[in-house]
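Descriptive structure summary
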Amino acid sequence: MATQQPATRPANPRFSSGPCAKPPTFELSKLAGAPLGRSHRAAPGKAKLKEAIEGTREILGIPADYRIGIVPASDTGAVEMALWSLLGERKVEMLAWESFGAGWITDVVKQLKIEAEAKTADYGQIVDLASVDFANDVVFTWNGTTSGVRVPNGDWISDDRDGLTICDATSAAFAMDLPWDKLDVTTFSWQKVLGGEAAHGVIVLSPRAVERLENYTPAWPLPKIFRLTKGGKLIEGIFTGATINTPSMLAVEDYLFALNWARSVGGLEGLKARADANAQAVFDFCDANNWIANLAEDDATRSNTSVCLKFTDDRIQDGAAFAKAVAKRLDVEGIAYDIGAYRDAPAGLRIWCGGTVETSDIQAMLPWLAWAFDAELAAQAA
Ligand SMILES: Cc1ncc(COP(=O)(O)O)c(C=O)c1O
(Lines give C-alpha, C1' and ligand atoms only; values in the text may rest on other atoms or scores of the structure.)
Protein backbone atom coordinates (compact mmCIF):
# COMPACT_ATOMS: atom_id res chain seq x y z
CA MET A 1 0.00 0.00 0.00
CA ALA A 2 1.33 3.44 -0.99
CA THR A 3 0.29 5.02 2.30
CA GLN A 4 3.23 7.36 2.34
CA GLN A 5 2.75 10.51 0.25
CA PRO A 6 5.20 10.66 -2.68
CA ALA A 7 8.07 13.10 -2.25
CA THR A 8 7.76 14.80 -5.64
CA ARG A 9 4.84 17.03 -6.59
CA PRO A 10 3.85 18.21 -10.07
CA ALA A 11 5.07 21.77 -10.67
CA ASN A 12 1.72 22.46 -12.35
CA PRO A 13 -1.38 20.55 -11.13
CA ARG A 14 -3.55 21.66 -14.07
CA PHE A 15 -4.80 18.58 -15.93
CA SER A 16 -8.24 19.91 -16.95
CA SER A 17 -9.70 18.85 -20.30
CA GLY A 18 -10.83 22.39 -21.02
CA PRO A 19 -9.93 25.08 -20.49
CA CYS A 20 -6.60 23.28 -20.64
CA ALA A 21 -3.28 24.20 -19.05
CA LYS A 22 -1.73 27.26 -20.59
CA PRO A 23 1.66 26.92 -22.35
CA PRO A 24 4.40 26.46 -19.73
CA THR A 25 5.97 29.82 -20.63
CA PHE A 26 2.73 31.76 -20.22
CA GLU A 27 2.55 34.93 -18.12
CA LEU A 28 -0.22 37.51 -18.27
CA SER A 29 2.34 40.22 -18.93
CA LYS A 30 3.15 38.56 -22.26
CA LEU A 31 -0.23 39.73 -23.58
CA ALA A 32 0.68 43.39 -23.18
CA GLY A 33 0.82 43.83 -26.96
CA ALA A 34 -2.95 43.32 -27.35
CA PRO A 35 -4.59 46.30 -29.05
CA LEU A 36 -7.08 46.82 -26.22
CA GLY A 37 -9.60 49.62 -26.33
CA ARG A 38 -9.28 49.82 -30.10
CA SER A 39 -11.66 48.76 -32.83
CA HIS A 40 -11.00 45.23 -34.04
CA ARG A 41 -11.64 46.66 -37.51
CA ALA A 42 -8.79 49.18 -37.22
CA ALA A 43 -5.52 48.18 -38.88
CA PRO A 44 -3.73 46.79 -35.75
CA GLY A 45 -6.70 44.57 -34.78
CA LYS A 46 -7.25 43.33 -38.31
CA ALA A 47 -3.57 42.49 -38.62
CA LYS A 48 -3.68 40.43 -35.40
CA LEU A 49 -6.75 38.51 -36.58
CA LYS A 50 -5.11 37.78 -39.92
CA GLU A 51 -1.94 36.66 -38.13
CA ALA A 52 -4.06 34.27 -36.01
CA ILE A 53 -5.63 32.81 -39.15
CA GLU A 54 -2.38 32.39 -41.02
CA GLY A 55 -0.56 31.05 -37.95
CA THR A 56 -3.29 28.43 -37.64
CA ARG A 57 -2.79 27.50 -41.29
CA GLU A 58 0.98 27.27 -40.90
CA ILE A 59 1.04 25.11 -37.78
CA LEU A 60 -1.82 22.80 -38.72
CA GLY A 61 -0.66 22.49 -42.34
CA ILE A 62 -4.02 23.61 -43.72
CA PRO A 63 -4.01 23.86 -47.54
CA ALA A 64 -3.89 27.34 -49.08
CA ASP A 65 -7.30 26.92 -50.74
CA TYR A 66 -9.10 26.14 -47.45
CA ARG A 67 -10.81 29.06 -45.64
CA ILE A 68 -10.13 29.58 -41.94
CA GLY A 69 -12.51 31.74 -39.92
CA ILE A 70 -12.54 32.95 -36.32
CA VAL A 71 -16.14 32.73 -35.13
CA PRO A 72 -18.25 33.41 -32.02
CA ALA A 73 -19.13 30.96 -29.27
CA SER A 74 -16.10 28.71 -29.16
CA ASP A 75 -16.18 25.24 -30.72
CA THR A 76 -19.92 24.97 -30.11
CA GLY A 77 -20.49 28.10 -32.18
CA ALA A 78 -18.33 26.77 -35.00
CA VAL A 79 -20.08 23.38 -35.07
CA GLU A 80 -23.57 24.86 -34.87
CA MET A 81 -22.73 27.31 -37.65
CA ALA A 82 -21.68 24.39 -39.86
CA LEU A 83 -24.71 22.23 -39.04
CA TRP A 84 -27.21 25.05 -39.56
CA SER A 85 -25.58 26.41 -42.72
CA LEU A 86 -24.75 23.22 -44.59
CA LEU A 87 -27.04 20.37 -43.63
CA GLY A 88 -30.40 19.51 -45.16
CA GLU A 89 -29.21 19.29 -48.76
CA ARG A 90 -29.02 15.49 -48.44
CA LYS A 91 -29.30 12.77 -45.83
CA VAL A 92 -26.83 12.96 -42.97
CA GLU A 93 -25.08 10.27 -40.94
CA MET A 94 -24.34 11.30 -37.37
CA LEU A 95 -21.56 9.36 -35.62
CA ALA A 96 -21.22 9.55 -31.84
CA TRP A 97 -19.44 7.65 -29.10
CA GLU A 98 -19.62 10.13 -26.23
CA SER A 99 -21.61 13.10 -25.04
CA PHE A 100 -20.52 15.89 -27.40
CA GLY A 101 -21.18 13.78 -30.48
CA ALA A 102 -24.50 12.80 -28.93
CA GLY A 103 -25.28 16.50 -28.50
CA TRP A 104 -24.80 17.13 -32.21
CA ILE A 105 -27.25 14.29 -32.92
CA THR A 106 -29.85 15.98 -30.73
CA ASP A 107 -29.39 19.23 -32.65
CA VAL A 108 -29.78 17.64 -36.04
CA VAL A 109 -32.63 15.30 -35.17
CA LYS A 110 -34.66 17.37 -32.72
CA GLN A 111 -33.89 20.95 -33.79
CA LEU A 112 -33.18 20.83 -37.52
CA LYS A 113 -35.46 17.80 -37.95
CA ILE A 114 -33.74 16.61 -41.13
CA GLU A 115 -33.31 13.10 -42.46
CA ALA A 116 -30.56 11.65 -40.30
CA GLU A 117 -29.17 8.27 -39.39
CA ALA A 118 -27.53 8.15 -35.98
CA LYS A 119 -24.75 5.62 -35.42
CA THR A 120 -23.69 5.46 -31.79
CA ALA A 121 -21.39 3.43 -29.57
CA ASP A 122 -21.04 3.19 -25.82
CA TYR A 123 -18.32 4.98 -23.89
CA GLY A 124 -15.03 3.20 -24.54
CA GLN A 125 -16.08 1.92 -27.95
CA ILE A 126 -16.37 3.44 -31.42
CA VAL A 127 -18.95 3.08 -34.18
CA ASP A 128 -18.39 0.84 -37.19
CA LEU A 129 -16.54 3.35 -39.38
CA ALA A 130 -16.54 0.93 -42.34
CA SER A 131 -20.34 1.17 -42.49
CA VAL A 132 -20.40 4.90 -43.24
CA ASP A 133 -21.90 5.85 -46.61
CA PHE A 134 -20.17 8.95 -47.97
CA ALA A 135 -22.99 9.65 -50.40
CA ASN A 136 -24.42 11.25 -47.26
CA ASP A 137 -23.10 14.15 -45.26
CA VAL A 138 -21.24 12.79 -42.24
CA VAL A 139 -20.88 14.53 -38.87
CA PHE A 140 -18.42 13.19 -36.30
CA THR A 141 -16.05 14.11 -33.48
CA TRP A 142 -12.38 13.31 -34.16
CA ASN A 143 -11.54 12.82 -30.49
CA GLY A 144 -14.35 12.11 -28.07
CA THR A 145 -13.21 14.29 -25.19
CA THR A 146 -15.49 12.65 -22.64
CA SER A 147 -14.67 9.02 -23.46
CA GLY A 148 -11.04 9.31 -24.55
CA VAL A 149 -11.85 7.48 -27.78
CA ARG A 150 -10.71 8.89 -31.12
CA VAL A 151 -10.87 7.75 -34.71
CA PRO A 152 -7.63 5.85 -35.45
CA ASN A 153 -6.95 7.90 -38.62
CA GLY A 154 -8.82 9.22 -41.65
CA ASP A 155 -8.40 6.17 -43.88
CA TRP A 156 -12.10 5.25 -43.50
CA ILE A 157 -13.17 8.52 -45.14
CA SER A 158 -13.80 8.24 -48.88
CA ASP A 159 -11.65 10.39 -51.19
CA ASP A 160 -14.37 10.69 -53.82
CA ARG A 161 -17.28 11.32 -51.47
CA ASP A 162 -20.43 13.10 -52.65
CA GLY A 163 -21.45 14.30 -49.22
CA LEU A 164 -19.49 16.58 -46.91
CA THR A 165 -17.59 15.57 -43.79
CA ILE A 166 -18.14 17.84 -40.80
CA CYS A 167 -15.63 17.16 -38.04
CA ASP A 168 -15.60 18.50 -34.49
CA ALA A 169 -11.85 18.35 -33.86
CA THR A 170 -11.67 20.50 -30.77
CA SER A 171 -9.62 18.12 -28.61
CA ALA A 172 -7.66 16.80 -31.61
CA ALA A 173 -6.37 19.88 -33.45
CA PHE A 174 -2.75 20.60 -32.41
CA ALA A 175 -2.29 17.06 -31.01
CA MET A 176 -3.22 14.68 -33.82
CA ASP A 177 -2.80 14.51 -37.59
CA LEU A 178 -5.89 15.83 -39.35
CA PRO A 179 -6.01 14.77 -43.03
CA TRP A 180 -7.33 17.97 -44.58
CA ASP A 181 -8.22 16.35 -47.89
CA LYS A 182 -10.73 14.17 -46.00
CA LEU A 183 -12.29 17.00 -43.99
CA ASP A 184 -14.72 19.51 -45.50
CA VAL A 185 -15.56 21.33 -42.30
CA THR A 186 -13.30 21.20 -39.25
CA THR A 187 -13.88 23.06 -36.01
CA PHE A 188 -12.03 23.64 -32.76
CA SER A 189 -11.80 26.16 -29.95
CA TRP A 190 -8.89 28.06 -28.50
CA GLN A 191 -9.48 26.83 -24.95
CA LYS A 192 -8.42 23.28 -25.75
CA VAL A 193 -5.09 21.87 -26.93
CA LEU A 194 -3.10 25.13 -27.02
CA GLY A 195 -4.46 26.26 -23.66
CA GLY A 196 -5.89 29.45 -25.11
CA GLU A 197 -8.70 31.54 -23.70
CA ALA A 198 -12.31 30.51 -24.27
CA ALA A 199 -14.75 32.57 -26.35
CA HIS A 200 -13.73 31.98 -29.93
CA GLY A 201 -13.98 29.03 -32.27
CA VAL A 202 -12.28 28.29 -35.54
CA ILE A 203 -14.02 26.91 -38.60
CA VAL A 204 -12.02 25.48 -41.51
CA LEU A 205 -13.82 25.06 -44.83
CA SER A 206 -12.69 22.99 -47.82
CA PRO A 207 -13.45 24.26 -51.34
CA ARG A 208 -16.29 21.69 -51.48
CA ALA A 209 -17.84 23.12 -48.32
CA VAL A 210 -17.68 26.61 -49.86
CA GLU A 211 -19.33 25.27 -53.01
CA ARG A 212 -22.19 23.88 -50.90
CA LEU A 213 -22.55 27.18 -49.06
CA GLU A 214 -22.80 29.10 -52.31
CA ASN A 215 -25.23 26.71 -53.99
CA TYR A 216 -27.58 25.64 -51.23
CA THR A 217 -29.84 27.68 -49.00
CA PRO A 218 -31.29 25.93 -45.95
CA ALA A 219 -35.05 25.99 -45.47
CA TRP A 220 -34.72 27.54 -42.02
CA PRO A 221 -33.77 31.07 -40.97
CA LEU A 222 -30.15 31.67 -39.94
CA PRO A 223 -29.20 34.08 -37.17
CA LYS A 224 -26.56 36.64 -38.09
CA ILE A 225 -23.84 34.92 -36.07
CA PHE A 226 -24.19 31.77 -38.23
CA ARG A 227 -24.30 33.50 -41.60
CA LEU A 228 -21.31 32.76 -43.84
CA THR A 229 -22.82 33.94 -47.14
CA LYS A 230 -24.45 37.05 -48.50
CA GLY A 231 -26.44 37.04 -51.73
CA GLY A 232 -25.33 33.47 -52.46
CA LYS A 233 -21.62 34.30 -52.12
CA LEU A 234 -19.22 33.47 -49.34
CA ILE A 235 -18.45 36.46 -47.11
CA GLU A 236 -14.72 36.31 -47.79
CA GLY A 237 -13.89 38.94 -45.18
CA ILE A 238 -14.68 36.51 -42.36
CA PHE A 239 -11.72 34.43 -43.54
CA THR A 240 -9.25 37.28 -43.58
CA GLY A 241 -10.06 38.61 -40.11
CA ALA A 242 -13.21 40.70 -40.60
CA THR A 243 -15.08 38.72 -37.95
CA ILE A 244 -18.89 38.49 -37.91
CA ASN A 245 -19.05 40.36 -34.62
CA THR A 246 -16.64 41.75 -32.05
CA PRO A 247 -13.92 39.37 -30.89
CA SER A 248 -11.85 39.66 -27.71
CA MET A 249 -8.52 41.10 -28.76
CA LEU A 250 -7.10 39.85 -25.46
CA ALA A 251 -8.11 36.30 -26.41
CA VAL A 252 -6.60 36.85 -29.87
CA GLU A 253 -3.31 38.01 -28.34
CA ASP A 254 -3.34 34.98 -26.07
CA TYR A 255 -3.90 32.68 -29.06
CA LEU A 256 -1.01 34.35 -30.92
CA PHE A 257 1.17 33.73 -27.86
CA ALA A 258 0.10 30.06 -27.86
CA LEU A 259 0.87 29.72 -31.57
CA ASN A 260 4.34 31.17 -30.99
CA TRP A 261 4.91 28.75 -28.15
CA ALA A 262 3.76 25.92 -30.45
CA ARG A 263 6.42 27.01 -32.96
CA SER A 264 9.04 26.98 -30.20
CA VAL A 265 8.37 23.29 -29.45
CA GLY A 266 8.56 22.25 -33.09
CA GLY A 267 5.08 23.03 -34.39
CA LEU A 268 2.58 20.24 -34.92
CA GLU A 269 5.22 17.47 -34.80
CA GLY A 270 6.48 18.78 -31.46
CA LEU A 271 2.97 19.14 -30.06
CA LYS A 272 2.05 15.60 -31.10
CA ALA A 273 5.24 14.20 -29.56
CA ARG A 274 4.53 16.00 -26.28
CA ALA A 275 0.94 14.69 -26.13
CA ASP A 276 2.09 11.18 -27.08
CA ALA A 277 4.72 11.16 -24.33
CA ASN A 278 2.20 12.37 -21.75
CA ALA A 279 -0.41 9.82 -22.76
CA GLN A 280 2.19 7.03 -22.87
CA ALA A 281 3.14 7.76 -19.26
CA VAL A 282 -0.50 7.26 -18.28
CA PHE A 283 -0.83 4.12 -20.44
CA ASP A 284 2.30 2.67 -18.80
CA PHE A 285 0.88 3.44 -15.37
CA CYS A 286 -2.30 1.53 -16.26
CA ASP A 287 -0.22 -1.41 -17.51
CA ALA A 288 1.71 -1.45 -14.25
CA ASN A 289 -1.36 -1.29 -11.98
CA ASN A 290 -4.16 -3.81 -12.17
CA TRP A 291 -6.68 -1.52 -10.43
CA ILE A 292 -6.96 1.06 -13.19
CA ALA A 293 -7.50 0.83 -16.96
CA ASN A 294 -8.07 2.96 -20.02
CA LEU A 295 -11.77 3.47 -20.81
CA ALA A 296 -10.91 3.08 -24.52
CA GLU A 297 -11.21 -0.62 -25.28
CA ASP A 298 -9.07 -0.67 -28.41
CA ASP A 299 -5.51 0.69 -28.21
CA ALA A 300 -5.86 2.01 -31.78
CA THR A 301 -8.60 4.40 -30.68
CA ARG A 302 -7.24 5.62 -27.35
CA SER A 303 -6.79 9.37 -27.13
CA ASN A 304 -3.46 11.12 -26.58
CA THR A 305 -5.21 14.21 -25.17
CA SER A 306 -8.27 13.36 -23.05
CA VAL A 307 -7.13 10.11 -21.49
CA CYS A 308 -10.11 8.58 -19.65
CA LEU A 309 -9.55 5.99 -16.95
CA LYS A 310 -11.76 3.59 -15.01
CA PHE A 311 -11.12 1.86 -11.70
CA THR A 312 -11.26 -1.92 -12.04
CA ASP A 313 -10.68 -3.12 -8.45
CA ASP A 314 -13.57 -5.22 -7.19
CA ARG A 315 -13.03 -4.06 -3.63
CA ILE A 316 -14.57 -0.73 -4.67
CA GLN A 317 -18.11 -0.52 -3.34
CA ASP A 318 -19.58 2.58 -5.00
CA GLY A 319 -17.69 3.31 -8.22
CA ALA A 320 -18.93 6.87 -8.74
CA ALA A 321 -18.37 7.96 -5.13
CA PHE A 322 -14.93 6.31 -5.11
CA ALA A 323 -13.74 8.05 -8.28
CA LYS A 324 -15.01 11.40 -7.05
CA ALA A 325 -13.27 10.93 -3.71
CA VAL A 326 -9.94 10.07 -5.36
CA ALA A 327 -10.19 13.15 -7.59
CA LYS A 328 -11.04 15.26 -4.55
CA ARG A 329 -8.04 14.00 -2.57
CA LEU A 330 -5.73 14.96 -5.41
CA ASP A 331 -7.39 18.36 -5.73
CA VAL A 332 -7.17 19.09 -2.00
CA GLU A 333 -3.48 18.15 -1.99
CA GLY A 334 -2.89 20.53 -4.92
CA ILE A 335 -1.63 17.61 -7.04
CA ALA A 336 -4.25 17.43 -9.81
CA TYR A 337 -7.16 19.77 -10.55
CA ASP A 338 -10.28 18.91 -12.54
CA ILE A 339 -9.55 15.25 -13.30
CA GLY A 340 -12.97 13.78 -12.48
CA ALA A 341 -14.71 12.06 -15.40
CA TYR A 342 -17.18 14.21 -17.38
CA ARG A 343 -20.62 14.36 -15.77
CA ASP A 344 -22.31 12.14 -18.39
CA ALA A 345 -19.41 9.68 -18.71
CA PRO A 346 -18.85 6.46 -16.73
CA ALA A 347 -17.32 6.94 -13.27
CA GLY A 348 -13.57 7.44 -13.40
CA LEU A 349 -10.89 10.00 -14.11
CA ARG A 350 -9.88 12.04 -17.14
CA ILE A 351 -6.32 13.29 -17.39
CA TRP A 352 -5.52 15.88 -20.02
CA CYS A 353 -2.33 15.00 -21.86
CA GLY A 354 -2.24 17.70 -24.57
CA GLY A 355 1.06 19.37 -25.40
CA THR A 356 0.84 22.25 -22.90
CA VAL A 357 1.15 19.70 -20.09
CA GLU A 358 4.70 18.78 -19.12
CA THR A 359 5.52 15.06 -19.07
CA SER A 360 7.42 15.59 -15.81
CA ASP A 361 4.15 16.79 -14.24
CA ILE A 362 2.26 13.71 -15.42
CA GLN A 363 5.08 11.53 -14.07
CA ALA A 364 5.04 13.33 -10.73
CA MET A 365 1.25 13.13 -10.47
CA LEU A 366 0.84 9.38 -11.14
CA PRO A 367 2.43 8.10 -7.89
CA TRP A 368 0.03 10.43 -6.10
CA LEU A 369 -2.84 8.76 -7.93
CA ALA A 370 -1.67 5.43 -6.49
CA TRP A 371 -1.46 7.06 -3.07
CA ALA A 372 -5.01 8.51 -3.39
CA PHE A 373 -6.35 5.15 -4.54
CA ASP A 374 -4.90 3.33 -1.52
CA ALA A 375 -5.98 6.09 0.85
CA GLU A 376 -9.53 5.92 -0.47
CA LEU A 377 -9.66 2.12 -0.23
CA ALA A 378 -8.54 2.44 3.38
CA ALA A 379 -11.14 5.11 4.04
CA GLN A 380 -13.82 2.95 2.48
CA ALA A 381 -12.82 -0.01 4.69
CA ALA A 382 -12.96 2.21 7.77
C1 LIG B 1 -15.69 17.23 -28.52
C2 LIG B 1 -16.16 18.56 -27.99
N3 LIG B 1 -17.02 19.28 -28.71
C4 LIG B 1 -17.45 20.48 -28.26
C5 LIG B 1 -17.04 21.00 -27.06
C6 LIG B 1 -17.54 22.32 -26.62
O7 LIG B 1 -16.50 23.21 -26.72
P8 LIG B 1 -16.64 24.75 -26.39
O9 LIG B 1 -17.01 24.85 -24.94
O10 LIG B 1 -15.28 25.27 -26.70
O11 LIG B 1 -17.70 25.29 -27.26
C12 LIG B 1 -16.14 20.27 -26.27
C13 LIG B 1 -15.70 20.80 -24.96
O14 LIG B 1 -15.08 20.12 -24.18
C15 LIG B 1 -15.69 19.03 -26.75
O16 LIG B 1 -14.83 18.32 -26.04
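Everything numeric here is computed off the predicted structure, so don't read it as measured data. (Residues numbered from 1 in each chain as written. Predicted model: local features only at pLDDT ≥ 70, side-chain atom pairs only at ≥ 80, totals over all residues. Heavy atoms only, no water.)

Let us now look at the overall build of the protein. When you go through the protein residue by residue, the secondary structure sums to eight helices and 14 strands. For the protein, whose C-alpha radius of gyration is 21 Å, the value lies close to the compact-globule estimate of 21 Å for 382 residues. Each principal axis of the C-alpha atoms in the protein carries an extent, and together these give about 70 × 50 × 30 Å. Residues counted as buried form 57% of the 382 residues belonging to the protein. Taking contacts inside the protein between residues at least 6 apart in sequence as the whole, the part at least 24 apart equals 73%. Accessible surface computed for the protein: about 15500 Å², of which carbon and sulfur atoms make up 50%. Here the protein contributes 37 positively and 49 negatively charged side chains, and the mean placements of these two sets differ by 8 Å. (Helix = DSSP H or I, 4+ residues; strand = E, 2+ residues; numbered from the N terminus. Rg over C-alpha atoms; globule rule 2.2 N^0.38 Å. Buried < 20%, exposed > 50% of the residue type's maximum accessible area, 1.4 Å probe, protein only. Contact = heavy atoms within 4.5 Å. Areas by Shrake-Rupley, 256 points an atom, 1.4 Å probe, with all protein chains shown as cover. Lys, Arg positive; Asp, Glu negative; His and termini not counted. Charge placed at Lys NZ, Arg CZ, Asp CG, Glu CD.)

A full pass over the atoms with the stated rule returns 15 aromatic pairs. Between W84 and F226 the ring centres are 6.1 Å apart and the planes differ by 55°, which places this aromatic pair in the tilted class. Note that W84 is positioned in helix α2 (residues 74–86) and F226 in the loop between α4 (207–215) and β10 (229–230), a separation of 142 residues in sequence. The class for W84 is buried, based on a relative accessible area of 16%. Given the relative accessible area of 15%, F226 is considered buried. Between W368 and W371 the ring centres are 5.5 Å apart and the planes differ by 75°, which places this aromatic pair in the edge-to-face class. Of this pair, W368 and W371 both sit in helix α8 (residues 359–381), three residues apart, which is roughly one turn of that helix. Given a relative accessible area of 1%, W368 falls into the buried group. Joined through ring pairs, the aromatic side chains of F285, W291, F311, F322 and F373 make up one cluster. Against the face of F26 rests K22, its NZ or CZ located 4.8 Å from the ring centre. Sitting above the plane of the F283 ring, R302 keeps its charged end 3.7 Å from the centroid. (Phe/Tyr/Trp six-rings, centres within 6.5 Å; stacked < 30°, edge-to-face > 60°. Lys NZ or Arg CZ within 6 Å of the ring centre and 35° of its normal.)

Direction of pairing for strand β2 (residues 92–96) relative to strand β3 (residues 116–120): parallel, over a ladder of five bridges. Following the sheet pairing, V92 is matched in β3 by A116. Remark: the β2/helix α3 (residues 99–112)/β3 crossover connection has right-handed handedness. (Pairing = 2+ DSSP bridges. Right-handed = clockwise from strand over helix to strand, strands pointing away.)

The antiparallel open sheet is built from three strands, whose spatial order is β12-β13-β14. Taken across any chain shown, the strands that pair with only one partner, and hence form the sheet edges, are β12 (292–294) and β14 (349–352). Strand-to-strand twist of the sheet, defined as the mean angle between neighbouring strand axes without regard to direction, takes the value 35°. Its contacts with the sheet place α8 against β12, β13 (306–311) and β14, and it is angled at close to 165° to β14. (Axes fitted to C-alpha atoms, helices over the stretch in contact; angles between N-to-C directions.)

Here we have seven strands laid out as an open sheet, ordered β1-β9-β8-β7-β4-β2-β3, and mixed in their pairing. The outermost strands of the open sheet, each flanked by one partner alone, are β1 (67–72) and β3. On average, each strand axis in the sheet is tilted by 15° relative to the strand beside it, whichever way the strands run. Of the strand pairs in this sheet, β2 and strand β4 (residues 137–141) are connected by three bridges, and their pairing is parallel.

What follows concerns the domain arrangement of the protein. Domain annotation for the protein reports domain 1 (28–263) and domain 2 (267–381). Each of domain 1 and domain 2 was reduced to a C-alpha centroid, and the two centroids are 28 Å apart. Domain 1 puts 29 residues into the contact, and the matching count from domain 2 is 26 residues. Between domain 1 and domain 2, the buried area comes to about 2200 Å², and carbon and sulfur atoms account for 58% of it. The interface formed by domain 1 and domain 2 holds one salt bridge in total. Between D177 and K272 there is a salt bridge, with the nearest N and O atoms lying 2.8 Å from each other. Every element with two or more residues in the side of domain 1 that touches domain 2 is listed here: α1 (43–60), α3, β5 (143–144), β6 (149–150) and α5 (249–264). If one sorts the elements of the side of domain 1 that touches domain 2 by residue count, α5 sits on top with three residues. (Domains from an automatic or database assignment. Buried area = accessible area lost by both parts, 1.4 Å probe. Salt bridge = Lys/Arg side-chain N within 4 Å of Asp/Glu carboxyl O.)

With 90 residues, the main nonpolar core has F140, W142, F174, F311 and L369 as its most contacted residues. Per-element tally for this core: the top contributor is α8, with 10 residues. Shared between two domains, this core holds at least three residues of each, these being domain 1 (28–263) and domain 2 (267–381). Once residues lying within four places of it in the same chain are set aside, the contact partners of F311 are W291, I292, I316, F322, A323, V326, L349 and F373. Counting 34 residues, the second largest nonpolar core, distinct from the first, contains A78, A209, I238 and F239. (Core = buried A, V, L, I, M, F, W, Y, C linked by side-chain atoms within 4.5 Å.)

Moving on: the site of the ligand. The environment of the ligand is formed by S74, D75, T76, F100, W104, T141, T145, D168, T170, S189, Q191 and K192. In this structure, S74 approaches the ligand through a side-chain N or O atom, which is 2.5 Å from an oxygen atom. Within the side chain of Q191, an N or O atom sits 2.8 Å from an oxygen atom of the ligand. Protein contacts shield 86% of the accessible area of the ligand, which totals 400 Å² for the unbound molecule. Among the detected pockets, the ligand sits in the largest pocket. Counting residues per element, the ones that place at least two in the shell around the ligand are α2 and α3. Ranked by the residues each element gives to the shell around the ligand, the list is headed by α2, at three residues. Among the residues forming the shell around the ligand, the class breakdown is two nonpolar, seven polar and three charged. (Near = heavy atom within 4 Å. Polar contact = N/O pair within 3.5 Å; in protein donor to acceptor, adjacent residues only side chain to side chain. 1 Å grid on protein atoms, 1.4 Å probe; cavity = no way out; pocket = protein on both sides within 12 Å on 5 of 7 lines; lining within 4 Å. Sits in = over half its atoms within 2 Å of the grid points. Nonpolar A, V, L, I, M, F, W, Y, C, P; charged D, E, K, R; others polar.)

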